[in-house]
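Coordinates in review
Residues per chain are reported as follows:
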Amino acid sequence: MSQVPEERAGDAGDVGETGDTGDIGSAEVTAAGIARLAGVGRAAVSNWRRRHADFPKPVGGTEASPSFALADVERWLREQGKLAEVPLRERVWQQIAGHPAGAVTALVHAGCALLLVRDRSAAWPALAALPDERLAGVLPVALEETLTERLGPERPVLTPTVAALAPSVSLLRGAAELAAEMDGVRPAFEFLLGRHLDANPRQYTLTPPGPASLMAALATGGTASPAADDTRAPLTVLDPACGTGGLLSAVERPGAVCGQDADHDLAALTALRLALSAETAADIRVRSGDSLRADAFPVLAADAVLCHPPFNERNWGHDELAYDPRWEYGFPARTESELAWVQHALARLRPGGTAVLLMPPAAASRRSGRRIRADLLRRGALRAVVALPAGAAPPYGIPLHLWVLRRPVPGERPAGELLLVDTASEHTGQGGRDGQGGRDGRDSRDRLDWPAVHTAVLDAWTAFDRDGTLAATPGESRAVPVIELLDDDVDLAPARHLPPRAAAEGATQLALVRERLAETLHRTRELTPAPVTEPATAGGGPAGATAGTTTVGELARAGALTLHAGGTGTAPAGAPVAVLTDHDVLAAQPPSGTLPDGPPEDPVLLAAGDVVVPVLGGGAAVRVVDTPAAGAALGRNLQLLRPDPAALDPWFLAGFLRATANTRQASSYASTATRLDVRRLQLPRLPLAEQRRFGERFRALAEFEETLRQASRLGEQLVQGLYDGLSDGTVAP
């Protein structure tokens, strides 16, 4: 259980008030960073700036987005009692975010230092004992030797100069201490890199761990890595559009990893990420440059290629690459950049090698690509197309496809069937709010049952790859004869070729649904609240009129409750942890998310009696955690209030927090979203006995509301079942 006193607590091993990670120097922090340090919303930071004349003045940034000296902010927060101590990981991250040369440069410097700490562990203590100026002077020589030994002379990571390292010395010391605290350089770097990627979601297109693991498993023969007793030679794996290295990191213990990216900074981060991985083999070859225009590995014959190519690129080299020998299956149209990446991947495979690419669904059906798709099928290069659920990877609003390809072996007969798998609707929870998915796919992502998707896809591929065919499973998978697909469209969208599922509801099942609906409607009538016939208080007026009011922020400072922000944390390997998402709170359903694997970071775990509030959207939704939901992790965009049972009744708290006027006055409005500042929510000061009286009424209202929801779900199920049954003949008219 994660324990966070009052506003925000440090992790075990955090630095103390004096700070023992060295001088933070000129590090700057934005308002968002201050909010993260103090565990509050950005609106609270704006209020502090307006209300406190001694709040630190901006030292940089812009008028709309000023930055502040981290040391001054930290000192002010402590003096105001809003910060007891800064977690080491937070201190190091703020130094990266506020680095004068930019966060990417700071990450590269930190990664170089972590590599030195690991590979020259005996020498690091002596180096760390040097004064800052002296350390900056001697580090370049040591880093040059370490980087060349690990990444080779043609690496994208340049050895930083003395002048470049000068503002980074305290950061490097902090990164080394963070590695000691997090039990390794890899978790430390993954944490810092993850924070940077989370802080810049629109700047990077990432492949989440779930799809990355599945792609690695498909490409390497059913498992993400060879078994311990596997006698096969270690694999050579290539990612020609490696980004930050997520796909290459998912392959455990390969013989060699090769990566290329057009962005030099991303190539550098990938190289360091792979070098810092204890599981990665010594042969790491990462280059910068456009793989289509300037291939860094022109003679490579890889065992596996993994790729999440850029989608819908028009400027991919169509004009200058017309006669390139890689277009063995046809010259891609200008609008078919993804098919250029498919053929590049096939060209870099050894005969019999496997490539797995994450593709937009349009690539399976666009008419401009039908001739290339047809030739891929005729020659047996395309082996499977898998439709993933929406939310599996960005862009999150559409169900992306995986293409599994295999370079033909000369003299072998081409495969006669293509495996089609559709997981797009089978492994997600209920529909989005009001029956619609989220605007950016967030709802689908949070409800995705990724372990089920992984198992379903891998089971189907393993059987098909072994036997060359697969028995059809209605609505899920089918091995389709290639001849059936070679029509005028060569449409490979799985849903168009799979046999339909059996009718969801026959007459007998519909009768049971109708019976349950009738029982639920009867229960709804019993729970309908009676008219109010007595005043809310003995004084004859509403509680807020006869008693003083307080705010959640004041209650937190008094110790009557503690606040916890959700959205962070990772699950230990092999130990899945459920996540309560904001959609779950709004839909009043059990936790449907899953905590991602990654570097150790404790999530906030729910306990019975906690009160959970969504902070986005401006809706009035509050949930009191019950025993079945206890132990799940708190998802992003949620705030948890943990009341002291001796001071606050949770149902009383939840009921007053949900009042429309309360949420309206505590919300801030931006151009694209409404955000709730939970600390500004108000409730009356009442004795505990009176709180419990209100709480019982609020609990009864919640039960009535849940019964109404159940009746609505059953009604929708009955109506749709009747439509389907009348249409397919399982129900008589």
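How each quantity is defined
Residues numbered from 1 in each chain as written. Predicted model: local features only at pLDDT ≥ 70, side-chain atom pairs only at ≥ 80, totals over all residues. Heavy atoms only, no water. Core = buried A, V, L, I, M, F, W, Y, C linked by side-chain atoms within 4.5 Å. Buried < 20%, exposed > 50% of the residue type's maximum accessible area, 1.4 Å probe, protein only. Helix = DSSP H or I, 4+ residues; strand = E, 2+ residues; numbered from the N terminus. Domains from an automatic or database assignment. Contact = heavy atoms within 4.5 Å. Expected span 1.5 Å × (residues − 1). Axes fitted to C-alpha atoms, helices over the stretch in contact; angles between N-to-C directions. Parallel < 35°, antiparallel > 145°, perpendicular 65-115°, else oblique. Nonpolar A, V, L, I, M, F, W, Y, C, P; charged D, E, K, R; others polar. Phe/Tyr/Trp six-rings, centres within 6.5 Å; stacked < 30°, edge-to-face > 60°. Lys NZ or Arg CZ within 6 Å of the ring centre and 35° of its normal. Salt bridge = Lys/Arg side-chain N within 4 Å of Asp/Glu carboxyl O. Pairing = 2+ DSSP bridges.

Under an unreviewed UniProt entry, the name given to the protein is Type II restriction endonuclease subunit M, and the organism recorded is Streptomyces gardneri.

**Side note on the nonpolar core**
Formed by 96 residues in total, the largest nonpolar core has its most connected members in Leu139, Val157, Leu218, Leu306, Leu388 and Leu402. Sort the elements by how many residues they give to this core and helix H5 (residues 103–119) lands first, with twelve residues. A domain split of this core shows at least three residues from each of domain 2 (90–199) and domain 3 (214–220 + 233–260 + 292–427 + 446–496). Leu388 has contacts with Leu214, Leu358, Pro399, Leu400, Leu402, Thr423, Ala424, Trp450 and Val453, leaving out every residue within four places of it along the chain.

**Things to note about helix H17 (residues 450–467)**
In an α-helix, one turn spans 3.6 residues, which is why side chains three or four residues apart end up on the same side. When the terminal C-alpha atoms of H17 are compared, their 26 Å separation across 18 residues agrees well with the 26 Å that a helix rising 1.5 Å per residue should span. All of the buried residues along H17 are Trp450, Val453, His454, Val457, Leu458, Ala460, Trp461, Ala463 and Phe464. Looking at the buried side of H17, the elements it contacts are helix H11 (209–219), strand E9 (382–387), strand E10 (401–406), strand E11 (417–422) and strand E12 (477–481). Phi for Gly468, located one or two positions after H17, is positive at around 80 degrees.

**Quick word on the packing of helix H1 (residues 31–38) against helix H2 (residues 42–51)**
In the contact formed by H1 and H2, the axes pass within 8 Å of each other and the chain directions differ by 105 degrees. Relative to H2, H1 is oriented roughly perpendicular. Of the residues in H2, those touching H1 at Ala31, Ala32, Ile34, Ala35 and Ala38 are Arg42, Val45 and Trp48. Classifying every residue of the contact of H1 with H2 gives seven nonpolar, no polar and one charged.

**Side note on the packing of helix H7 (residues 132–151) against helix H9 (residues 169–181)**
Between H7 and H9, the shortest axis-to-axis distance is 10 Å and the interhelical angle comes to 80 degrees. Considered as vectors, H7 and H9 are oriented roughly perpendicular to each other. In this structure, H7 contributes Asp132, Leu135, Ala136 and Leu139 to the contact, and H9 contributes Val169, Leu172 and Arg173. Tallied by class, the residues present in the contact of H7 with H9 amount to five nonpolar, no polar and two charged.

**Regarding the packing of aromatic side chains**
Considering all chains together, one arrives at eleven aromatic pairs under this definition. Aromatic pair Phe55 and Phe68: ring centres 5.7 Å apart, planes at 85 degrees, arrangement edge-to-face. Here Phe55, found in the loop between H2 and strand E2 (60–61), pairs with Phe68, found in strand E3 (residues 66–69); they are 13 residues apart in sequence, far enough to count as distant. The residues Phe55 and Phe68 share a single accessibility class, namely buried. Through pairs of rings, three or more aromatic residues link up here, namely Trp48, Phe55, Phe68 and Trp76. Directly above the aromatic system of Phe191 lies the positively charged group of Arg89, at a separation of 5.2 Å from the ring centroid.

**Looking at the pattern of salt bridges**
The final tally for this structure, using the stated rule, is 36 salt bridges. Between Arg75 and Asp72 there is a salt bridge whose closest N-O contact spans 2.5 Å. Within this pair, Arg75 and its partner Asp72 are both found in helix H3 (residues 70–79), separated by three residues, close to a single helical turn. Between Asp295 and Arg348 there is a salt bridge; the shortest N-O distance is 2.6 Å. Placement of the pair is Asp295 in the loop between strand E6 (283–288) and strand E7 (302–307) and Arg348 in the loop between helix H14 (337–347) and strand E8 (349–359), with a sequence separation of 53 residues.

**Overview of the side chain of Thr707**
On the secondary structure map, Thr707 appears in helix H25 (residues 688–728). Classification of Thr707 by relative accessible area gives buried; the value is 11%. Setting aside anything within four residues of it in sequence, one finds Thr707 in contact with Thr520, Arg523, Thr524 and Leu527.

**Describing the sheet that holds E6**
What the nine strands build is an open sheet, ordered E6-E5-E4-E7-E8-E10-E9-E11-E12; its pairing is mixed. Unpaired on one side and paired on the other, E6 and E12 mark the two borders of the sheet. In this sheet, neighbouring strand axes are inclined to one another by 15 degrees on average, regardless of whether the strands run parallel or antiparallel. One ladder, built from five bridges, connects E9 with E10; its direction is antiparallel. Looking at E10, one finds that Val385 is bridged to Trp403.

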